[in-house]
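If you want the building blocks of each chain, they are given just below.
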Amino acid sequence: MQTCLHLGAHRCATTSFQEYLRQNAAELETQGIGFWGPRRTRNGLLHGVLPTPSVVNSTALAKRAQGRIRMNLNHSRERGIQQLIVSDENLIGSTRTNLRLGGLYSGVGERLARYAEAFDGQISSVALNIRSLESYWTSALTYAVTRGHRVPSHLQLQNLAESSRSWRDVISDIACAMPGVEIQVLPFEIFCGRPELQLQLLSNCEAPRNHARVRLNASLRLEDLRAHVLTNTALELPEGEGRWRPFDETQSAMLRENYSDDLMWLTAGADGLAQLVQDPEHQAAGLNLPQTDMTRGRPHDKQDRRLAGSG
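Rules of the game
- Residue positions are counted from 1 within each chain, in the order its sequence is given.
- Only residues with pLDDT of at least 70 are given local features in this predicted model, and only at 80 or more are side-chain atom pairs given and counted; all residues enter the totals for whole chains, interfaces and linings.
- Neither water nor hydrogens contribute to the side-chain values; these are computed over all heavy atoms in the structure.
- Salt-bridge detection follows one rule: a side-chain nitrogen of Lys or Arg within 4 Å of a carboxyl oxygen of Asp or Glu.
- Numbering goes from the N terminus for both helices and strands, where a helix is a DSSP run of H or I of at least four residues and a strand is a run of E of at least two.
- Using a 1.4 Å probe on the protein chains alone, a residue whose accessible area is under 20% of its type maximum counts as buried, one over 50% counts as exposed, and one in between counts as partly exposed.
- Starting at the helix axis, one direction is taken to each C-beta atom, and the arc is that of these directions.
- Whether two residues are in contact is decided by their heavy atoms: any pair within 4.5 Å suffices.
- Working convention for charge: Lys and Arg count positive, Asp and Glu count negative, and His plus the chain ends are omitted.

Engineer: Is there a simple way to explain the pattern of salt bridges in this structure?
Structural biologist: Side chains carrying opposite charge are able to pair once their charged atoms draw close together. Under the defined criterion, the tally for this structure stands at 15 salt bridges. One salt bridge in this structure joins Glu134 and Arg256, with 3.2 Å as the shortest N-O distance. With Glu134 in helix H7 (residues 133–146) and Arg256 in helix H14 (residues 249–267), this residue pair connects regions lying 122 residues apart in the sequence. Across the pair Arg165 and Asp173 runs a salt bridge whose closest N-O atoms are separated by 2.7 Å. Residue class for Arg165 comes out buried when judged on its relative accessible area of 19%. One network of salt bridges, with partners in common, ties together Arg42, Asp88 and Glu89.

Engineer: When you look at helix H3 (residues 38–45) in this model, what are you seeing that I'm missing?
Structural biologist: A turn of α-helix holds 3.6 residues, and therefore any two residues three or four places apart point the same way. For H3, every residue scored as buried is listed here: Pro38, Thr41 and Leu45. Each buried residue of H3 lies within a common arc of 135 degrees when the element is viewed along its axis, so the set occupies one face. Residues of H3 that are exposed and point over 90 degrees away from its buried face: Arg39 and Asn43. Structurally, H3 contributes buried residues whose contacts are with helix H1 (14–23), strand S2 (33–36), helix H4 (58–78) and strand S3 (83–87).

Engineer: Sorry if this is basic, but what is going on with the side chain of Arg131 here?
Structural biologist: Here Arg131 is to be found in the loop between strand S4 (125–130) and H7. Despite its burial, Arg131 pairs with no opposite charge, the nearest such side chain being Glu189 at 5.5 Å. When residues no more than four places from it in sequence are discounted, the contact partners of Arg131 are Arg11, Cys12, Tyr136, Ser139, Trp167, Phe188, Glu189 and Tyr259.

See below:
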């Protein structure tokens, strides 16, 4: 049984992807594809993998978690599951911690090393969704303000824009924690709203179309955001409608440049650590570009530079 660890990340349409898998779980199981989502992973299955304050020794809790995971994997295998997708974005951290520390998933290496040990080497691949840093931090800030956090100051926004940690560092930490495991990177800009395509690429199956356009946890627009927060917080938000854009032009340019560097690194092979998943429906141009010019121009100059004859 192949086990794919789908890590999200947060604010990358991960919840919508999980809902799509959950709604189609019965149909997918007929193709030998199983799904463990947050309703299962956060319901005691992974308890003890990460150390937490407890009266029980943390090593003993980790051993129990390893046995519990092995038992559930065996049960899935006995049911005929050939490929299991375990999807939970909280495996790599939280947006709250990212905002507090001002960086992307600083502890992801240690966390995934513990999960790799808990799965006892049965993880065959890892899938990570990434997103433009400008839109990722904007979405994370909108999510935080919706849940009672204050509107970030200019200094906080500047610190996020100047952060040296990018998706390249996150991917490198994952690869270091899980050597030998294939890492697939799926950009949000390509796979957002296309869970069936994402599933098809991760499992090589006939992905169902049902429930493929469910959209959950979308960022609120400014007018809706002001209506959902406290009055004093609403006063700190800018006027107008549409998407909230907390970063100024300079900060946005810095974030876009960092993301472009990440994509360039991934396109160049990511030092052999990961594979950037391309859109299979977008055909790249070949060596010989198609002739699409339908107007007369320079190629016709020679025959058109003749004066009309007299008479």
